[in-house]
Structure formats: structure tokens, C-alpha cells
Amino acid sequence: MQIPRAIEPLFKTPKTHNKIRGGRGGAKTRTVVSLIVEVMKQAPLCVICGREVQKSLKESSFLAFKNEIYRNNYGKHFNIIESQGVIESVAGGRAVFIGLQQHTVDSIKSYEGFHWAWIEEAQSVSKRSLDVLIPTLRQDKAFKIRIGDAEFVFPLRMFIYTYNPYSWDDPIDMVLPDTRDDVQAITINWYDNPWFKETPLYQDMLTDFESDEDKAEHVWNGAYGSSQGAILAKWIGKAERE
């Protein structure tokens, strides 16, 4: 399993809330999907894979999971139930794919026995959805898992949020500020992904910067406004492209 160095804290020092933010090409989705698949293959981990709005399964990460399972020849370890939008593992794990907006405090109680939640496009998630979701997971303690040659310890109750921020006051960062003890903030962009330049997306990125640099700064470098972090991302991104 290949892990970009910038995202290693998710594996080595995971916290209850792990915010992974940055632009396109940083391998955020691929890394999180790989992690969940590896853990579900070995343990009865139940995971909510959600986003604010999901009108159909096609809008979810279901296909990314399916591809990851087949890419690793793990088919015999999983039962992919596309008609129900559910992926189960022989080890007893279960992944469901939901839109948070459609749930209430009462309806989401059906997931109280779940352990992890991964929220995609978390820059769009509302405060209401976070207030409904976060109390739902109530597991405690931690567990060990071996991935490759390394052993990792993860909380049994854990949230992962992946996103490209819109602005400094996105609800995800207001509800879960970086300063909280139970929050870990990780920033990863395309230049932190050592395999990115080998993909077709690299040329797409160069084209985007040539045609609309301001838009590309957000899409690829995760920048917004003129904050110090956005300016730093712009300098680093320019240096890497050159």
C-alpha cells in the first residue's frame, strides 16, 4: 500500500477527527479508500461513507471501493451488493454510502453500531449534518491492524474528512477547529504525491494553470482568498511546476 508521506499522520497518529484537506491530485480519496478496504479485509469494521448530498450511488465513493477491491485481487474477501449500495467483508465489516442531508437525529440512529465515518467533499457539509452525525458513533477503545510490514493502532471511533476548502469559515472548520485536542489537520496537495506526475492529471493541471491560474490555485493547490496558507501553497505549487 503506497502512502504519500504528507498523509502518514493519519496512520501513525490518528485522532478522533482527522481533517485531510487540499487540492486535486493529492491522493486523498485513494489513500482513504485503500485504508478502509485493508482494515475491513481483516476486521469487522463498519464504516459510514457519506457526503452532504447524494442523489444516487453514482455520486458516492462506491465505485472507488469496488475498483480498489478488484485492483488488489481482494474479491474473495468482499461481497459487493450494488443493488443495496453496500459492501460487506468476510471478516464482518460493512460499508454504507449515504447522503447526510436526508438524515435526522432519529433516522441516523440505525448506524449507532458503526465505528468509522468518512465524509467526502466535507467543505460542503453543513453544521446541522455534523451535529447529527458526530454523536452517532459511540464506540470506544482502539485496535491494532497490520498493513504490509507495519502495525498501526487506530481508534475504534474515528472520523475522516476529505475536502478542498471553500473559505476559512466552512462549517467543517468552525465545528472542528484545528486547535481542538481531538482534531488532526493534514494538508496534502499534488506536489506531496510522488506518483502524480506519472498520471494524465499532471498535464491537465498544467493546462488549467495556463488558462485560469486563480481557478487552478483552488482546484489544484487547495487555495482560497489571500490567506498566508493560500499564498504559501501558490509559491510551492509554482516552484514544483517549474
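Up top is the structure these notes are about.
Residues numbered from 1 in each chain as written. Predicted model: local features only at pLDDT ≥ 70, side-chain atom pairs only at ≥ 80, totals over all residues. Heavy atoms only, no water.

### Here we look at the overall build of the protein
Heads up, the rule is: To qualify as a helix, a DSSP run of H or I must reach at least 4 residues; to qualify as a strand, a run of E must reach at least 2; elements of each kind are numbered from the N terminus. Buried residues are those whose accessible area, probed at 1.4 Å on protein chains only, stays under 20% of the maximum for their type, while exposed residues exceed 50% and partly exposed ones sit between those limits. Residue contacts are counted whenever heavy atoms from the two residues lie within 4.5 Å of one another. For accessible areas, the Shrake-Rupley method is used with a probe of radius 1.4 Å. Any residue's cover is judged against the shown protein chains and nothing else.
Scanning the protein for helices and strands turns up eight helices and ten strands. Over its C-alpha atoms, taken along the principal directions, the protein stretches across nearly 50 × 40 × 35 Å. Scored against the burial criterion, the 242 residues of the protein give a buried share of 49%. Considering only contacts in the protein between residues 6 or more positions apart, those separated by 24 or more positions represent 72%. By element, 48% of the accessible surface of the protein is carried by carbon and sulfur atoms, the whole surface being about 12,100 Å².

### A look at the packing of helix α6 (residues 201–211) against helix α7 (residues 213–221)
For any two helices packed against each other, the geometry is given by the interaxial angle and the distance between the axes. We count it as follows: Every axis in this analysis is a line fitted to C-alpha atoms, fitted for helices over the stretch in contact. Angles between the N-to-C directions lie between 0 and 180 degrees. Should the near helix be turned anticlockwise from the far one by less than a right angle, the crossing is termed left-handed; should it be turned clockwise, right-handed. When residue character is reported, Ala, Val, Leu, Ile, Met, Phe, Trp, Tyr, Cys and Pro are called nonpolar, Asp, Glu, Lys and Arg charged, and the others, Gly included, polar.
Relative orientation of the contacting elements α6 and α7 amounts to 145°, with a least axis distance of 6 Å. Crossing geometry of α6 relative to α7 is assigned as left-handed. Of α7, the residues touching α6 (which contributes Leu 201, Asp 204, Met 205, Asp 208, Phe 209 and Ser 211) are Glu 213, Ala 216, Glu 217, Trp 220 and Asn 221. The residue inventory of the contact of α6 with α7, partitioned by class, reads five nonpolar, two polar and four charged.

### Considerations on the sheet that holds strand β9 (residues 158–163)
Sheets are built from strands paired through backbone hydrogen bonds, the pairs being either parallel or antiparallel. Rules: The pairing criterion is simple: DSSP has to find at least two bridges between the two strands.
Taking strand neighbours across the sheet as the criterion, the eight strands line up as β3-β4-β5-β2-β6-β9-β1-β10 in an open arrangement whose pairing is mixed. The open sheet is flanked by β3 (78–81) and β10 (183–187), the only strands paired with a single partner. Sheet twist, expressed as the average angle between the axes of neighbouring strands with direction ignored, equals 15°. Summarising the sheet, strand β2 (residues 46–51) and strand β5 (residues 94–99) pair through six bridges and their orientation is parallel. Bridged to Gly 50 within β5 is Ile 98. Against the sheet, helix α3 (residues 62–71) makes contact with β2, β3, β4 (86–89), β5 and β6 (116–119), and its axis sits at roughly 145° relative to β3, the strand it touches most.

### Looking at the nonpolar core
Looking at soluble globular proteins, one finds that nonpolar side chains tend to be buried together. The cut-off we apply is this: In this description, a nonpolar core means a group of buried Ala, Val, Leu, Ile, Met, Phe, Trp, Tyr and Cys residues linked to one another through side-chain atoms lying within 4.5 Å.
Formed by 34 residues in total, the largest nonpolar core has its most connected members in Leu 35, Phe 65, Trp 116 and Phe 154. Per-element accounting of this core gives the leading share, seven residues, to helix α2 (residues 28–42). The residues contacting Phe 65, other than those within four sequence positions of it, are Val 33, Ile 36, Val 37, Cys 49, Ile 87, Phe 97 and Trp 118. Counting residues in hydrophobic clusters, the runner-up holds 25 residues, among them Val 96, Tyr 111, Leu 133 and Tyr 161.

### With respect to α2
Just so we agree on the cut-off: Helix span, as expected, comes to 1.5 Å for every residue beyond the first.
Under the 1.5 Å per step criterion, the end-to-end length of α2 is 22 Å for 15 residues, consistent within 8% with the ideal 21 Å. A large share of α2 lies buried, amounting to eleven of its 15 residues. All of the buried residues along α2 are Lys 28, Thr 31, Val 32, Val 33, Ser 34, Leu 35, Ile 36, Val 37, Glu 38, Val 39 and Met 40.

### Considerations on unusual backbone geometry
Of note, Ala 27 is a non-glycine position whose phi angle comes to about 70°, a positive value. One can find Ala 27 in the loop between β1 (17–21) and α2. Despite not being glycine, Lys 141 shows a phi value in the positive range, around 70°. Among the secondary structure elements, Lys 141 is positioned in the loop between α4 (127–133) and β7 (142–147). On the accessibility criterion, Lys 141 (70% relative accessible area) is exposed.

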